[in-house]
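What follows is each chain in one-letter form.
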Amino acid sequence: MKRVIFFVMALLAVGTAMAQGDALLTNAWAVPTYYNPAAVGDTDAIRLRGAMRAQWVGIDGAPLTFVGAADMPFMFLGKKWGVGAVVQSEKIGLFRNLTADLQIAYKLKALRGVWTFGLQAGLLNEQFRGSEVYIPDDDDYHQGTDDAIPMRDVGGNALDLGIGVRYARPRFSAGISLLHANNPTVTFQGENGEAIGGSGSAEGATAKKYQFSAQRMLYFDAAGNIPIKNTLFEVMPSLVVRTDFTFFDAQLTARALYNKLFSFGLGYRWDDAVSLLLGAEIKGIFIAYSYDYHLSHISRASSGSHEVVAGYRLKLDFSEKNRNRHKSIRLM
């Protein structure tokens, strides 16, 4: 009951819901195209990645996120391009959201590196399971009905757009992107497309409008690859910073890569958690795991957050078609 009440409160009295949007993965470095469409085709391979994040384990209704991404480079009119697709599915309380985007990027050599300009377009689907709402009415602190809350399952779709730019050299990359650039707004409808009224509305009463807005999200990311002389180790720091121009969030990781096969490291989420990261890539098969220990009071109710990323990389041969081939700093 407490879980339902808590997440129902995410519906504001004005009828606009602000649910959790993009997930900030601890292993964000492993799924770069999820945050920036300009990251597609930044390797010389077909890259497939899938990620699952279970946040705040032990708390009912806590966010559970799945991300899938695929990208590859290709040549067109003698120029190198990148193409990709990314899908996210998330559950948080009574909310469900799904995003599915196609991505394309153009690459240009300049200033001793490669500049990439990317676009993405797709669908944002948001759902709210109003049929599972329960508000107790047997005490003085709760109202049994509330017109600000739909009491049936509702959902809707909206066009979702994003843009990004990226600069890469063999051992460094940085990018900036704006996701949900058009501030997509979903107007909830019932299963048959009808307008939705509140729980206390009578038949024939004016239907109340319920909406969800995905806020514009600005991302900055940077990553490096620093070999340690006379060893098989490399240090691979990465940083992701994001803001919706109201709040700020950041994820910093530092990993050590051994023999281009195994990695381990630590991470820090701004004002939230410390992380342990492990990973490996053998013959194109990739897997990574991370655990977040939360530093806030939420640790009293949760045992932490877990992430698993898995994927496959199939190398492409551009030796005769692309003299400007470059190696990604993200190769495990």
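The next thing to look at is the overall build of the protein chain. In terms of helices and strands, the protein chain carries 1 helix and 18 strands. Across the 332 residues of the protein chain, 47% fall into the buried class. Long-range contacts, defined here as pairs at least 24 residues apart, represent 59% of the contacts in the protein chain between residues at least 6 apart. For the protein chain, the computed accessible surface area is about 16600 Å², with 61% contributed by carbon and sulfur atoms.

Relative to the assigned elements, Ala301 resides in the loop between β17 (285–294) and β18 (304–315). Ala301 sits in the partly exposed class, given a relative accessible area of 49%. The spacing of Ala301 and Gly58 is 243 residues in sequence and 6.7 Å in space, taken between C-alpha atoms. Setting aside anything within four residues of it in sequence, one finds Ala301 in contact with Val57, Gly58 and Ile59.

Glancing now at the pattern of salt bridges. Within the structure shown, the criterion is met by 12 salt bridges. Asp292 is the partner of Arg269 in a salt bridge, and the nearest nitrogen-oxygen pair spans 3.1 Å. Of this pair, Arg269 sits in strand β15 (residues 262–269) while Asp292 is found in strand β17, placing the two residues 23 residues apart along the sequence. Each member of the pair, Arg269 as well as Asp292, carries the same accessibility label: buried. A salt bridge links Glu281 to Arg313, with the shortest nitrogen-to-oxygen separation between them at 2.9 Å. Here Arg313 lies in strand β18 and Glu281 lies in strand β16 (residues 273–282), a separation of 32 residues in the sequence. Through salt bridges that share partners, Arg53, Arg269, Asp292 and Glu307 make up one connected network.

This part covers a nonpolar patch on the surface. On the surface, a cluster of nonpolar side chains totalling about 1000 Å² of accessible area is made up of Ile226, Ile228, Leu232, Phe233, Val235, Tyr258, Phe262, Phe264, Leu266, Leu276, Leu278 and Ile282. Residue assignment for the nonpolar patch shows that the elements contributing at least two residues are β13 (233–243), β15 and β16. Examined against the element boundaries, Ile228 turns out to sit in the loop between β12 (226–227) and β13.

This brings us to the environment of Gly265. Looking at where Gly265 falls in the secondary structure, it is placed in strand β15. Aside from chain neighbours lying at most four places away, what touches Gly265 is Ala254, Arg255, Ser275, Leu276 and Leu277.

Rules of the game
Residues numbered from 1 in each chain as written. Predicted model: local features only at pLDDT ≥ 70, side-chain atom pairs only at ≥ 80, totals over all residues. Heavy atoms only, no water. Helix = DSSP H or I, 4+ residues; strand = E, 2+ residues; numbered from the N terminus. Buried < 20%, exposed > 50% of the residue type's maximum accessible area, 1.4 Å probe, protein only. Contact = heavy atoms within 4.5 Å. Areas by Shrake-Rupley, 256 points an atom, 1.4 Å probe, with all protein chains shown as cover. Salt bridge = Lys/Arg side-chain N within 4 Å of Asp/Glu carboxyl O. Patch = residues over 30% accessible without salt bridge, like charges linked within 9 Å, V, L, I, M, F, W, Y side chains within 5 Å.

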